[in-house]
Amino acid sequence: MVSGDSGSSAASQSGEGILRAVLVALVPVVGVFAGIVIGWYTITWAVQTFRDVFEVPELSPVPVQDRAPGVPGPTVRYWLSWAVPLVVFCVASALLWWGWRRGRLLTGSVMAGFSAVVVLLAPLWVSIEVGGFAPS
């Protein structure tokens, strides 16, 4: 009887170990997905909210080669509308990564997902806004 009890506790411990290993393996996947979502909302919602709050003027949608002379380009506030939300996220996540030792895997994977979205989409978005976009 005693050996049977120790066998069941060993089995439950190994079951808990497997569950813990699966959860630890899922942390980077969840983190990257969360980073992608946060990145998307940062370059869409946060940038537009910054523009609305600080009344950043809209850029001309007419392509650069077709614009009338004297049409203003992007202002400093336009560039700040891109920089401020990205820098705030990067500083906050770096502080979290540095201070939260147990959450470094999660924080690092969130930063990786965020960086992937921002590096891929932000330059495209900026080039369309600054250069103009008109369907042909």
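Quick note: structure is the one above.
Note that the structure is predicted; figures quoted are calculated from it, not measured.

J.: Could you give an account of the overall build of the protein, naming the residues involved and the relevant values?
T.: For the protein, the helix and strand inventory stands at three helices and zero strands. The helix and strand sequence of the protein, counted from the amino end, reads α-α-α. Counting over 136 residues, the protein shows a buried share of 25%. For the protein, the proportion of contacts with a sequence separation of at least 24, taken over those separated by at least 6, is 78%. Total accessible area computed for the protein in this model is approximately 9,400 Å², and 74% of it derives from carbon and sulfur atoms.

J.: Summarise the nonpolar core; cite the residues concerned and give the values.
T.: One finds I43, Y78, W82, L86, F114, V118 and A122 to be the most contacted residues of the largest nonpolar core, which totals 14 residues. For this core, the elements supplying multiple residues, two or more each, are α1 (2-53), α2 (76-99) and α3 (104-131). Not counting residues up to four positions away in its chain, the partners in contact with Y78 are R51, V56, L59, V126, E129 and V130.

J.: Residue-level account of the pattern of salt bridges, with values.
T.: Side chains that differ in sign of charge can pair as their charged atoms come close. On inspection of all chains with the given rule, the structure shows one salt bridge. Here R51 ties to E129 by a salt bridge, and the two come within 2.9 Å at their closest N and O atoms. In this pair, R51 sits in helix α1 while E129 sits in helix α3, placing the two residues 78 residues apart along the sequence. Grouping residues by exposure puts R51 and E129 together as buried.

J.: An account of the environment of Q65 is requested, with residue identities and associated values reported.
T.: Residue placement: Q65 occurs in the loop between α1 and α2. Its relative accessible area of 65% is what places Q65 among the exposed residues. A C-alpha to C-alpha distance of 8.8 Å links Q65 and G131, two positions 66 residues apart in sequence.

J.: Hey, could you go over the packing of aromatic side chains for me, with residue numbers and the actual values?
T.: Scanning the model with the defined rule gives four aromatic pairs in all. Taken together, a centroid distance of 4.6 Å and an interplanar angle of 40° make the contact between F50 and F54 tilted. The exposure class of F50 is buried, given its relative accessible area of 14%. Ring geometry for Y78 against W79: centres 5.0 Å apart, planes inclined by 80°, an arrangement best described as edge-to-face. Overall, Y78 belongs to the buried group, its relative accessible area being 2%.

J.: Provide a residue-level description of α2, including the pertinent values.
T.: Helix length check: α2 (24 residues) gives 33 Å between terminal C-alpha atoms against 34 Å at 1.5 Å per residue, within 8%. Here α2 has its buried residues at Y78, S81, W82, P85, L86, F89 and S93.

J.: Explain the side chain of S109 to me, and be specific about the residues and the numbers.
T.: Here S109 shows up in helix α3. Not counting residues within four places of it along the chain, the set of residues in contact with S109 comprises V27, P28, G31 and V32.

J.: Talk me through the side chain of E129; I want residue IDs and the actual numbers.
T.: Of the polar contacts made by the side chain of E129, one reaches the side chain of Y78; its length is 2.5 Å. Contact partners of E129, with chain neighbours within four places excluded, come to R51, L59, S60, R67, Y78 and W82.

Definitions and limits used
- Residues numbered from 1 in each chain as written.
- Predicted model: local features only at pLDDT ≥ 70, side-chain atom pairs only at ≥ 80, totals over all residues.
- Heavy atoms only, no water.
- Helix = DSSP H or I, 4+ residues; strand = E, 2+ residues; numbered from the N terminus.
- Buried < 20%, exposed > 50% of the residue type's maximum accessible area, 1.4 Å probe, protein only.
- Contact = heavy atoms within 4.5 Å.
- Areas by Shrake-Rupley, 256 points an atom, 1.4 Å probe, with all protein chains shown as cover.
- Core = buried A, V, L, I, M, F, W, Y, C linked by side-chain atoms within 4.5 Å.
- Salt bridge = Lys/Arg side-chain N within 4 Å of Asp/Glu carboxyl O.
- Phe/Tyr/Trp six-rings, centres within 6.5 Å; stacked < 30°, edge-to-face > 60°.
- Expected span 1.5 Å × (residues − 1).
- Polar contact = N/O pair within 3.5 Å; in protein donor to acceptor, adjacent residues only side chain to side chain.

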